[in-house]
Amino acid sequence: MAGTFFVTTPIYYVNDVPHIGHAYTTVAADVLARYHRLAGDTVLFITGTDEHGQKVQDAARRRGISPQLHCDEMVLRYRELWSALNISNDDFIRTTEDRHKKIVREVLAALHAKGDIYKTSYEGWYCVPDERFWTEKDLAGGRCPECGREVQQIEESNYFFRMSSYQQWLISYIDEHRDFILPRTRRNEILGFLRQPLADLCISRPRQRLSWGIPIPFDEEYVTYVWFDALINYVSTAGYRTRDREFFPFWENAVHLIGKDILTTHCVYWPTMLRALGLNPPRTIFAHGWWTVEGQKMSKSLNNVVDPVSLIRDFGVDAVRFFLLREGTFGLDADFSRTAFIHRVNGDLANDLGNLFNRTLAMTSKYFGGTIPAPSTPGDSDRRLQETAVEAVKKVHAAMEEIAFHRALDAVWELVGMTNKYIDESAPWSLAKRAGGEEQLATVMYHVLESLRFIAVLLFPFIPASAERMREALGIQEQPDSSSLDSLRQWGAMMPGNPVTHIPQLFPRIET
Ligand code: MSP
């Protein structure tokens, strides 16, 4: 049954230069969005940029321009990258937009009116780069426990959100909702964290120290803490308080994809904020792992940051999308190296899939003048191929429900492998030479073509541009009855007599 589906990425810090880590979350969200659209769901897919805070203010000051102008320039890198990566987001939110700021202020006012936000004087250690307060006992050897940098002692009055009063509720909620925090290891991590008493959350910064933020509506001497501002993007963009009738059906089926480093903010701050507002938490928060580069942390100081733009330029967008989701297990860390990249693309895309596609269409053109032949009654091996294809659809579906992209691709590659084997064993080239072999030749070629249809449809969310070329070559691109997910319920939608086109080189081999 088709329904609604809402998927988000974190909103990225506008100052950062986008790298494959950012591309990873966004491609993953795009694949989910495209899969659900293919399944007939009404989808809302949102990404965007996180534009307030100290670092942005400082960077703009160093450049001698206004923070807004700075953001307006920086945001283009993300927009351009998403366009180069074929990202199909329905909206792009910048936290400096009025539509977002308005809702943040309304949320602050509502929680203040309810007594969930209060003001108190606070003394603590402040980490400027992380923009976070720490208590004495949080510190690691007198330094920031998160980044290890120096901290400064600060005393000031600030506004706090009564997060502590939602601790028990949050623990029970996580206990009762097995799919709320995924993978399971992350859920355990949060439950472990919640064994300690939860403190209230400081959600303001004095304006004299930080002016680049959203002013607090009931005290304009303060601006909102960036995380409080940023998290609200997930509801402000989707129409909370402005288009509630559209918002709620999406919100019931919301999935936040995040990296493992931002687990606490998403799984502790955010659900308690929502609870205070009387909203349910999103259905699922899935935290993926990190990319390392040749076994090392990816960082500016190590000068090993992988630029997705140059990868796309060198190898094509679908090779990049494919590698990101095929190489690792979604949820665990994965390692990037140029060798692994080339190996993957050459092995899976150029050899297994590209050759299968190429030889099938070349043979269809040679033996049947480029039209789909009519099969006769299938034999055992033909039926085995049919079953593998139908099975692959079920496996992909189950994997996508669990946000296990690697398992979905495994299932498709099982079918690719099986189809190649089927060709080798049926040897159409021998059937073509054998007197009376025409009928079996037609059956074999029909089966291979139909299997390719399954493969093209299943791969569409992952490698949309290439899958589109496959669908075009197979002549099914504008036919929902043979190019939707629904059309894969049954074997045999390819119409004998229809033309197919031979396109060579679906995935060129990368020469090293
Ligand atoms: N602005 C916050 C998110 C606010 S969401 C309400 C933020 N931005 S970020 O730009 O620093 O990071 C965004 C995402 O990129 C995170 O999910 C993070 O995990 C991901 N990655 C950053 N480096 C990464 C890798 N090396 N590998 C994989 N993902 C990584 O945090």
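Further up the page is the structure itself.
Bear in mind that the values here come from a model prediction, so they are computed numbers and not experimental data.

**A look at the overall build of the protein**
The helix and strand tally for the protein stands at 19 helices and 17 strands. For the protein, whose C-alpha radius of gyration is 26 Å, the value lies close to the compact-globule estimate of 24 Å for 512 residues. If one aligns the C-alpha atoms of the protein with their principal axes, the spans along those axes are about 95 × 45 × 40 Å. Out of the 512 residues in the protein, the part that is buried amounts to 55%.

**Let's talk about the pattern of salt bridges**
Counting across every chain of the model gives 32 salt bridges. A salt bridge links Glu97 to Arg99; its shortest N-O distance comes to 2.9 Å. A residue is classified by how much of its surface remains accessible, and Glu97, at 24% relative accessible area, is partly exposed. Arg359 is paired through a salt bridge with Asp424; the nearest N and O atoms lie 3.0 Å apart. Residue Arg359 is found in helix H13 (residues 338-368), and its partner Asp424 is found in helix H15 (residues 405-426); the two are separated by 65 residues along the sequence. Given the relative accessible area of 45%, Asp424 is considered partly exposed.

**Focus: the environment of Asp72**
Along the chain, the position of Asp72 falls in helix H3 (residues 67-84). Separated by 393 residues in the primary sequence, Asp72 and Ala465 place their C-alpha atoms 29 Å from one another.

**So, the site of the ligand**
In the neighbourhood of the ligand, 24 residues make up the surrounding shell, with Ile11, Asp50, Gly259, Asp261 and Trp291 lying closest. Asp261 is positioned such that a nitrogen or oxygen atom in its side chain is 2.4 Å from an oxygen atom of the ligand. Between Trp290 and the ligand, the recorded distance is 3.2 Å, taken from a side-chain N or O atom to an oxygen atom. Look at the ligand: alone it shows 670 Å² of surface, and the protein chains cover 95% of it. Listing elements by their share of the shell around the ligand, those giving two or more residues are strand E2 (12-13), helix H1 (20-38), helix H7 (226-231), helix H8 (233-236) and strand E13 (254-259).

**A closer look at the sheet that holds strand E7 (residues 152-161)**
In space, the four strands of this open sheet follow the order E6-E5-E7-E9, with antiparallel pairing throughout. The sheet is open, and its two borders are formed by strand E6 (132-134) and strand E9 (201-202), each paired with just one other strand. Where E7 and E9 come together, two bridges link them in antiparallel fashion. Across the sheet, the residue bridging to Phe160 is Cys202, located in E9.

**Quick word on the state of the cysteines**
Evaluated as defined, the whole model comprises zero disulfides. In this model Cys202 remains outside any disulfide bridge; the closest cysteine sulfur is found in Cys127, 14 Å from its own.

**Here we look at the side chain of Arg453**
With respect to the helices, strands and loops of the structure, Arg453 is situated in helix H17 (residues 438-459). A distance of 2.8 Å separates a polar atom in the side chain of Arg453 from a polar atom in the side chain of Glu450. Residues contacting Arg453, with those up to four places away along its chain left out, are Leu474, Ile476, Ser482, Ser487, Leu488, Gln490, Gly492, Ala493 and Met494.

**Looking at helix H11 (residues 308-315)**
Here H11 has its buried residues at Pro308, Leu311, Ile312 and Phe315. Buried residues along H11 cover an arc of 100° about the axis, so they all sit on one side. Those residues of H11 hidden inside the fold are in contact with H1, H3, helix H12 (317-326), strand E17 (334-336) and H13. Measuring from the side-chain oxygen of the N-cap residue of H11 to the backbone nitrogen of Val309 gives 2.9 Å; that N-cap residue is Asp307. Within two residues after H11, Gly316 carries a phi angle of roughly 95°, on the positive side.

**So, the packing of aromatic side chains**
Counted by the stated rule, this structure contains 30 aromatic pairs. Between Tyr24 and Phe330, the ring centres sit 5.4 Å apart and the planes meet at 65°, which makes this aromatic pair edge-to-face. Remark: Phe330 occurs in the loop between H12 and E17 and Tyr24 occurs in helix H1; sequence separation between them is 306 residues. Look at Phe247 and Trp251: their rings are 5.7 Å apart centre to centre, the planes differ by 20°, and that puts the pair in the stacked class. Highlighted residues: Phe247 and Trp251, both in helix H9 (residues 244-251), separated by four residues, approximately one helical turn. Taken as a pair, Phe247 and Trp251 share a single burial class, namely buried. One residue, Lys55, lies across the ring of Tyr13, its end atom 5.6 Å from the ring centre.

**Brief notes about the packing of H13 against H15**
The geometry of H13 relative to H15 is characterised by a closest axis approach of 10 Å and an angle of 45° between their N-to-C directions. On the basis of the axis angle, H13 is oblique to H15. Considering how the two elements wind past one another, H13 and H15 form a crossing that is left-handed. Residues Asp348, Leu349, Asp352, Leu353, Leu356, Arg359, Thr360 and Met363 of H13 form the contact with H15, whose own contacting residues are Trp413, Val416, Thr419, Asn420, Ile423 and Asp424.

**Describing the pairing of strand E1 (residues 4-8)**
Remark: a regular strand shows side chains that alternate across the two faces of the sheet. Of all five residues that make up E1, four are buried, and the element is covered over most of its length. With five bridges joining them, E1 and strand E3 (residues 42-50) adopt parallel strand pairing. Across the sheet, residue Thr8 finds its bridge partner in E3, namely Ile46. Relative to E13, E1 runs parallel, the two being bridged by three bridges. Residue pairing for E13: Phe6 is matched across the bridge by Ala254.

The rules behind the values
Residues numbered from 1 in each chain as written. Predicted model: local features only at pLDDT ≥ 70, side-chain atom pairs only at ≥ 80, totals over all residues. Heavy atoms only, no water. Helix = DSSP H or I, 4+ residues; strand = E, 2+ residues; numbered from the N terminus. Rg over C-alpha atoms; globule rule 2.2 N^0.38 Å. Buried < 20%, exposed > 50% of the residue type's maximum accessible area, 1.4 Å probe, protein only. Salt bridge = Lys/Arg side-chain N within 4 Å of Asp/Glu carboxyl O. Near = heavy atom within 4 Å. Polar contact = N/O pair within 3.5 Å; in protein donor to acceptor, adjacent residues only side chain to side chain. Areas by Shrake-Rupley, 256 points an atom, 1.4 Å probe, with all protein chains shown as cover. Pairing = 2+ DSSP bridges. Disulfide = S-S within 2.5 Å. Contact = heavy atoms within 4.5 Å. Arc of directions from axis to C-beta. Phe/Tyr/Trp six-rings, centres within 6.5 Å; stacked < 30°, edge-to-face > 60°. Lys NZ or Arg CZ within 6 Å of the ring centre and 35° of its normal. Axes fitted to C-alpha atoms, helices over the stretch in contact; angles between N-to-C directions. Parallel < 35°, antiparallel > 145°, perpendicular 65-115°, else oblique. Left-handed = near helix turned anticlockwise from the far one by under 90°.

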